[in-house]
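For reference, the chains in residue letters:
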Amino acid sequence: MFSVSRLTTSMHSLKARLIVSALLLILILMPLIGFGLNDAFKQQVKSASMNELKAYVYAILAVTEVIRDGIFMPEVLLENQFNVIQSGLYAVITTSRTPKEAASNSASFDAKFVEKTESTAISSHLPPLNQVQRIAWRSSSLLGIEIPKSLPTPVKGQGQFSEVTLNKQPHLIYSFSVSFELPTLDNKDGQQSDNRFPITIHIIKDQTEFQQQVSQFTQQLWRWLMILMGLLLVIQMAWLWWTLKPLSSLETELNAIENGKANQLTHEYPTELQAVAQQLNTLLSTEQNQRKRYRNALSDLAHSLKTPLAVIQSQSDLSAESFEQVSYINRIIGHQLKRAQSAAGSAWHLGVPVVDVSDKLVKNLPKIYCQPLIAIEQTVQRDAIFKGDQADLSEMLGNLLDNACKAAKGKVLLSVTHNAQSLIMQVEDDGNGIDKALQAQIFERGIRADSYKMGHGIGLAIVRDLVDSYHGQLSMGQSDLLGGARFTIIFKS
């Protein structure tokens, strides 16, 4: 189950951060662009429809005549859709009073609604919409269609774009208000006065075409946006792979150095990484040269100390007790020099295949312990890597196998396994095991288990010191497989 900790760990990766950033950019930006383009197209289509309806308004207004008996319109309009029943394009003219009412009233009329009166002339056969609006004329295309009870009435000289419902279907409507002037005679003094006759022209159009255009554009837009998102993802992944390839190469080379397969960084890196690669190569060279000089100096020191000790041991009059003490001093010097030569504290740990060391030990130890013959078996994973010095690994495994051969009756088993977290090495024998009372003391210098017939108890102390220097764990117990002692070393990766 995906957890927050795993997400946090993955976000420590530069590659993961770049990929997530690119995905978020595409997944957020592209839909926003899509919504913006879709809305802009809707507005554009709506504006085009408005301009079209405006043109129809002016076409209707051009053929409209107002006389005392009503509104006069031609029987057939130039736009044929107004003549075809339920064609989807309709025209309606509404007014708030008749021409006779306007002529009989000398006061100015500012396109306001008045009380309901009888219609005359062409509008006499059309029912009123409501108490303040009546239909003065409508196109033949509206035959059989019920007109809404209330239609927009904008201010004189202004237009209004909105929506209405006809036959339970949405329609676009553009309403434009104008006022005709009718010359009349005043009944008292005979002077002429101009009276205004307000009308509102309504052009109604079915939204089906509008919706189809928007729907087709929306489908095509999102289809192409999805294709574009896919292409951008592929391009982004390819770009990230190309950009981060030097980092992958650097990681590969570092792993090869840690596993002992290379000694230097050899690839050519970009300017930003070239300085880092050069510094790492300098560090590796310095570390290796310093370790080499240090070991050569210690080797010279060991030689200068062992030569006088060898001279003392060669004295014929040397007592057995003195000879034993000189031998002990010789072994102590060797142990301390090996501790000083350990590479555990170095700044860079190179990888050593465990199988290279174990094969040599398993091959050579039976030659030493041939009476009785000790069979040494090993189960070692071939890809197990010890991140440290080969001499230190040989010292640890060599001491454990040597002690196991001393205690064994006839069989010793070496097993090495590893995983992502640790490297585990175990040495088991079929001897009598180690008494529990001695298990807590056996790693102390000079303590020797009774089952060992040879040695001075220094071998396990060397192993313990080396394991501690690599921050590992050394433990012992009873072997479930062979019945004797079992020593286990664990190194964290």
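Residues numbered from 1 in each chain as written. Predicted model: local features only at pLDDT ≥ 70, side-chain atom pairs only at ≥ 80, totals over all residues. Heavy atoms only, no water.

Undergrad: So what's going on with the overall build of the chain? Residues and values would help.
TA: Scanning the chain for helices and strands turns up 10 helices and 14 strands. Residue burial in the chain is summarised as follows: out of 493 residues, 39% are buried. On the chain, roughly 28,400 Å² of surface is accessible, and the fraction owed to carbon and sulfur atoms is 55%. (Helix = DSSP H or I, 4+ residues; strand = E, 2+ residues; numbered from the N terminus. Buried < 20%, exposed > 50% of the residue type's maximum accessible area, 1.4 Å probe, protein only. Areas by Shrake-Rupley, 256 points an atom, 1.4 Å probe, with all protein chains shown as cover.)

Undergrad: How would you explain the nonpolar core if you had to name every residue and give the values?
TA: Of all hydrophobic cores here, the largest spans 40 residues; its most connected members are Val354, Val412 and Phe491. Sequence-distant contacts of Val354, defined by excluding residues within four places in its chain, comprise Val380, Ala384, Ile385, Phe386, Leu393, Leu397, Val416, Leu423 and Met425. Leu77, Leu89, Ala91 and Leu182 belong to the second largest nonpolar core, which has 27 residues in total. (Core = buried A, V, L, I, M, F, W, Y, C linked by side-chain atoms within 4.5 Å. Contact = heavy atoms within 4.5 Å.)

Undergrad: Requested: an account of the packing of helix α8 (residues 390-407) against helix α10 (residues 459-469), with residues and values cited.
TA: Running from N to C, α8 and α10 cross one another at 145°; their axes reach a closest spacing of 9 Å. Here α8 runs over α10; the crossing is left-handed. For the pair α8 and α10, contact is made by Asp392, Glu395, Met396, Asn399, Leu400 and Asn403 and by Gly459, Leu460, Ile462, Val463, Leu466 and Val467, respectively. Its residues placed into classes, the contact of α8 with α10 shows seven nonpolar, three polar and two charged. (Axes fitted to C-alpha atoms, helices over the stretch in contact; angles between N-to-C directions. Left-handed = near helix turned anticlockwise from the far one by under 90°. Nonpolar A, V, L, I, M, F, W, Y, C, P; charged D, E, K, R; others polar.)

Undergrad: Explain the pairing of strand β3 (residues 89-95) to me, and be specific about the residues and the numbers.
TA: Successive side chains on a regular strand alternate, one facing one side of the sheet and the next facing the other. Counting buried positions along β3 yields seven of seven residues, so the element is predominantly enclosed. Of the two faces of β3, both are covered, the one formed by Leu89, Ala91, Ile93 and Thr95 as well as the one formed by Tyr90, Val92 and Thr94.

Undergrad: Got a sec to walk through the packing of helix α7 (residues 354-368) against α8? Specific residues and values, please.
TA: For the pair α7 and α8, interaxial distance at closest approach is 10 Å and the crossing angle is 40°. Here α7 lies oblique to α8, going by the angle between them. Crossing of α7 against α8: the hand is right-handed. In contact with Val354, Val357, Lys360, Leu361 and Leu365 of α7, α8 contributes Gln390, Leu393, Ser394, Leu397, Gly398, Leu401 and Asp402. (Parallel < 35°, antiparallel > 145°, perpendicular 65-115°, else oblique.)

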